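# Tertiary structure, described
In case you want the letters, here they are:
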Amino acid sequence: MAARIEQLVTSGEFSLDGGTWQVDNNVWLVGDDHEVIVIDAAHDADAIAAAVAGRTLVAIVSTHAHNDHIDAAPELAARTGAPILLHPDDQVLWDQTHPDRKPDGALADGGQLAVAGTTLTVLHTPGHSPGAVSLYAPELGTVFTGDTLFAGGPGATGRSFSDFPTIVDSIRERLLTLPAETVVRTGHGDSTTVGAEAPHLAEWIARGH
């Protein structure tokens, strides 16, 4: 059976720089009936574990370490034995949420994760945070962008450890170079495609946010 993509939406709080907001997060599962990877263990370990449904959890992959994308990761890891993977450049953010629990492994640009006969390639796409990554699965025609690229533009860069020119460079060089039909599956909200977003790069730069 070929790998498939499943989406779970969980709700909770995002906190940074002294502010707190209610948010809905996309939790993505990639796998088959036997094994699966979870991308961004957000808010609700019970709901994510129910979606895993007894399959072997190969890894819990964090696209970045803002608390709303990692708050359920340690509990899910404890339940399943799966390793939590994070780019080391986001360790400073991780430590704000989980000071007593380190990630189990490091994501690196160009690294590959295998699940259910499908390969996900790690693309380091900093800007929203220093260690933000996207995961490209060409066999599935999709890229998981976390909070780097949304339907309608780049992720937010107005808070600590973020930078607008950096996120623009990441999107231009790492994401908009993918095939136009590639589906962009985001950390929040609706999916889009590379082709739908590429024509708007100049507008985003002109807006400067």
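Note: the structure precedes this text.
Residues numbered from 1 in each chain as written. Predicted model: local features only at pLDDT ≥ 70, side-chain atom pairs only at ≥ 80, totals over all residues. Heavy atoms only, no water.

### Topic: the overall build of the protein chain
Stated precisely, the cut-off is as follows: Secondary structure follows DSSP: runs of H or I at least 4 residues long count as helices, runs of E at least 2 residues long count as strands, and numbering of each begins at the N terminus. For the radius of gyration, the atoms used are the C-alpha atoms, and the globule rule reads 2.2 Å times the number of residues raised to 0.38. Here's how the labels work: a residue is buried when its accessible area is under 20% of the maximum for its type, exposed when over 50%, partly exposed in between, all with a 1.4 Å probe on protein chains only. The contact criterion used is simple: two residues touch if any of their non-hydrogen atoms lie within 4.5 Å. Per-residue and other accessible areas follow the Shrake-Rupley method at a 1.4 Å probe size, with only the shown protein chains counted as cover for residues. By the counting rule applied here, Lys and Arg register as positive and Asp and Glu as negative, while His and the ends of each chain are not counted. Charge coordinates come from a single atom per side chain, which is NZ of Lys, CZ of Arg, CG of Asp or CD of Glu.
When you go through the protein chain residue by residue, the secondary structure sums to seven helices and 14 strands. Taking 2.2 N^0.38 as the reference for a compact globule, 209 residues should give roughly 17 Å; the C-alpha atoms of the protein chain span a radius of gyration of 16 Å, in line with that estimate. Each principal axis of the C-alpha atoms in the protein chain carries an extent, and together these give about 45 × 40 × 25 Å. Buried residues in the protein chain amount to 53% of all 209 residues. The contacts of the protein chain with a sequence gap of at least 6 include a subset with a gap of at least 24, amounting to 54%. For the protein chain, the accessible area works out to roughly 8,400 Å², and carbon and sulfur atoms hold 51% of it. Counting 10 positive and 28 negative side-chain charges, the protein chain places the centres of these two groups 1 Å from one another.

### Description of the nonpolar core
Short version of the rule: What is meant by a nonpolar core is a set of buried Ala, Val, Leu, Ile, Met, Phe, Trp, Tyr and Cys residues, joined one to another through side-chain atoms within 4.5 Å.
With 26 residues, the main nonpolar core has Val-38, Ala-41, Ile-48, Leu-57 and Ile-60 as its most contacted residues. Those elements that place two or more of their residues in this core are β1 (4-16), β2 (19-31), β3 (35-39), α1 (45-52), β4 (56-61), α3 (73-80), β5 (84-86) and α4 (91-97). If we ignore the near neighbours within four places in the chain, the residues touching Ile-60 are Val-38, Ala-41, Ala-73, Leu-76, Ala-77, Ala-82, Pro-83, Ile-84 and Leu-85.

### With respect to the sheet that holds β3
Stated formally: Paired strands are those between which DSSP finds at least two bridges. The angle between two axes is taken between their N-to-C directions and runs from 0 to 180 degrees, where each axis is a line fitted to C-alpha atoms and a helix contributes only its stretch in contact.
In spatial order, the strands read β1-β2-β3-β4-β5-β6; together these six strands make up an open sheet with mixed pairing. For this open sheet the edge positions go to β1 and β6 (105-106), each flanked by a neighbour on one side alone. Strand direction decides the pairing type here: β5 and β6, joined by two bridges, are parallel. Looking at the pairing, Leu-85 lines up with Gly-105 of β6. Seen against the sheet, α1 touches β1, β2, β3 and β4 and runs at an angle of roughly 170° to β1. Set on the sheet, α3 makes contact with β3, β4 and β5; between it and β4 the angle comes to about 160°.

### Considerations on the pattern of salt bridges
Our working definition: Should a side-chain nitrogen of Lys or Arg be within 4 Å of a carboxyl oxygen of Asp or Glu, the pair is scored as a salt bridge.
Summed over all chains, the structure comprises nine salt bridges. A salt bridge links Glu-6 to Arg-55, with the nearest nitrogen and oxygen atoms 2.8 Å apart. Residue Glu-6 is found in strand β1, and its partner Arg-55 is found in the loop between α1 and β4; the two are separated by 49 residues along the sequence. With relative accessibility at 10%, the residue Arg-55 sits in the buried group.

### Comments concerning α1
In an α-helix, one full turn covers 3.6 residues, which means residues spaced three or four apart are oriented alike. Applied cut-off: As used here, the arc belongs to the directions running from the helix axis to the C-beta atoms.
Looking only at α1, the buried set comprises Ala-45, Ile-48 and Val-52. Seen end-on, α1 carries its buried residues on one side only, within an arc spanning 65°. Buried residues along α1 sit against β1, β2, β3, β4 and α3. Looking one or two residues past α1, Ala-53 carries a phi angle of roughly 55°, positive in sign.

### Describing the sheet that holds strand β14 (residues 192-193)
Sheet architecture is open: six strands sit in the order β7-β8-β9-β10-β13-β14, paired in mixed fashion. One side of each edge strand has no neighbouring strand; the edge strands of this open sheet are β7 (112-115) and β14. Where strand β13 (residues 183-186) and β14 come together, two bridges link them in antiparallel fashion. Along β14, the bridge assignment pairs Val-183 with Thr-193. This element, helix α5 (residues 164-175), spans β8 (118-124), β9 (133-137) and β10 (142-146) of the sheet and lies at about 145° to β8.

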